[in-house]
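So the chains spell out like this:
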Amino acid sequence: MDRTSPPAIIFDSHCLLCSGMTRFVLAHEAGPAIRFVAANSAEGTALAARHGLTPAELDVTFLMVEQGVGLTRSDAALAVTRYLRAPWRWLGMLRVVPRAI
């Protein structure tokens, strides 16, 4: 994926929590901007490897690739909020909270 590709979420499609997160994002997206890629697919494995993640690591987190940059954990979750409708989009303001908190 390059900088012109749409943002993508690489997630564990066998995980109920991850699948629930995917359904939540699809239901609250401001527009159809995000692509969803199963971590166990060829594309998902390749994207994870390109951003330094193993399939085992995708069992405990998800990867969001936005403008060619791979994000995980809270960085990924906060990046997803940019693509949601209000009031969920407002959660992006949590970026100003220091990571230690």
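Remember, it's a predicted structure, so these values are computed and weren't measured experimentally.

Visitor: Even after reading the chapter, I still don't get the overall build of the protein chain, so can you show me in this structure?
Guide: Assigned secondary structure in the protein chain consists of three helices and four strands. Counting from the amino terminus, helix and strand elements in the protein chain follow one another as β-α-β-α-β-β-α. For the protein chain, whose C-alpha radius of gyration is 13 Å, the value lies close to the compact-globule estimate of 13 Å for 101 residues. If one aligns the C-alpha atoms of the protein chain with their principal axes, the spans along those axes are about 35 × 30 × 30 Å. The 101 residues of the protein chain split such that 35% are buried. Taking as baseline every contact in the protein chain between residues at least 6 positions apart, the subset at least 24 positions apart corresponds to 54%. Here the protein chain has roughly 6100 Å² of accessible surface; of this, 63% comes from carbon and sulfur atoms. Positive and negative side-chain charges in the protein chain, numbering 10 and 8 respectively, have mean positions lying 7 Å apart.

Visitor: For this particular structure, what's the right way to read the pattern of salt bridges?
Guide: When the charged atoms of two side chains lie near each other, side chains of opposite charge can form a pair. Within this structure, the stated rule accounts for two salt bridges. Residues Arg82 and Glu66 are paired through a salt bridge, measuring 2.3 Å at the closest nitrogen-oxygen approach. Of this pair, Arg82 sits in the segment after helix H3 (73–81) while Glu66 is found in strand E3 (residues 63–66), placing the two residues 16 residues apart along the sequence. On the basis of relative accessibility, which here comes to 11%, the residue Glu66 falls in the buried class.

Visitor: Is there a simple way to explain the environment of Gly20 in this structure?
Guide: Within the secondary structure layout, Gly20 lies in helix H1 (residues 16–28). Overall, the relative accessible area of 27% leaves Gly20 in the partly exposed class. Sequence separation of Gly20 and Asn40 is 20 residues, and the distance between their C-alpha atoms is 17 Å.

Visitor: Can you help me understand the side chain of Ser19 in this one?
Guide: Structurally, the position occupied by Ser19 is in helix H1. Among the polar contacts made by the side chain of Ser19, one reaches the main-chain carbonyl oxygen of Ser13 at a distance of 3.5 Å.

Visitor: So what exactly am I meant to see when it comes to the sheet that holds strand E2 (residues 35–38) here?
Guide: Strands pair in a sheet through their backbones, by hydrogen bonds, and they do so in one of two ways: parallel or antiparallel. Sheet architecture is open: four strands sit in the order E2-E1-E3-E4, paired in mixed fashion. Because the sheet does not close on itself, it has two edges, and the strands there are E2 and strand E4 (69–72). The sheet shows a mean angle of 25° between the axes of neighbouring strands, taken without regard to direction. Relative to E4, E3 is paired through four bridges, and the arrangement is antiparallel. Directly across from Val65, in E4, lies its bridge partner Gly70. With respect to the sheet, H3 is in contact with strand E1 (8–11), E3 and E4, its orientation differing from that of E4 by roughly 105°.

About the thresholds
Residues numbered from 1 in each chain as written. Predicted model: local features only at pLDDT ≥ 70, side-chain atom pairs only at ≥ 80, totals over all residues. Heavy atoms only, no water. Helix = DSSP H or I, 4+ residues; strand = E, 2+ residues; numbered from the N terminus. Rg over C-alpha atoms; globule rule 2.2 N^0.38 Å. Buried < 20%, exposed > 50% of the residue type's maximum accessible area, 1.4 Å probe, protein only. Contact = heavy atoms within 4.5 Å. Areas by Shrake-Rupley, 256 points an atom, 1.4 Å probe, with all protein chains shown as cover. Lys, Arg positive; Asp, Glu negative; His and termini not counted. Charge placed at Lys NZ, Arg CZ, Asp CG, Glu CD. Salt bridge = Lys/Arg side-chain N within 4 Å of Asp/Glu carboxyl O. Polar contact = N/O pair within 3.5 Å; in protein donor to acceptor, adjacent residues only side chain to side chain. Pairing = 2+ DSSP bridges. Axes fitted to C-alpha atoms, helices over the stretch in contact; angles between N-to-C directions.

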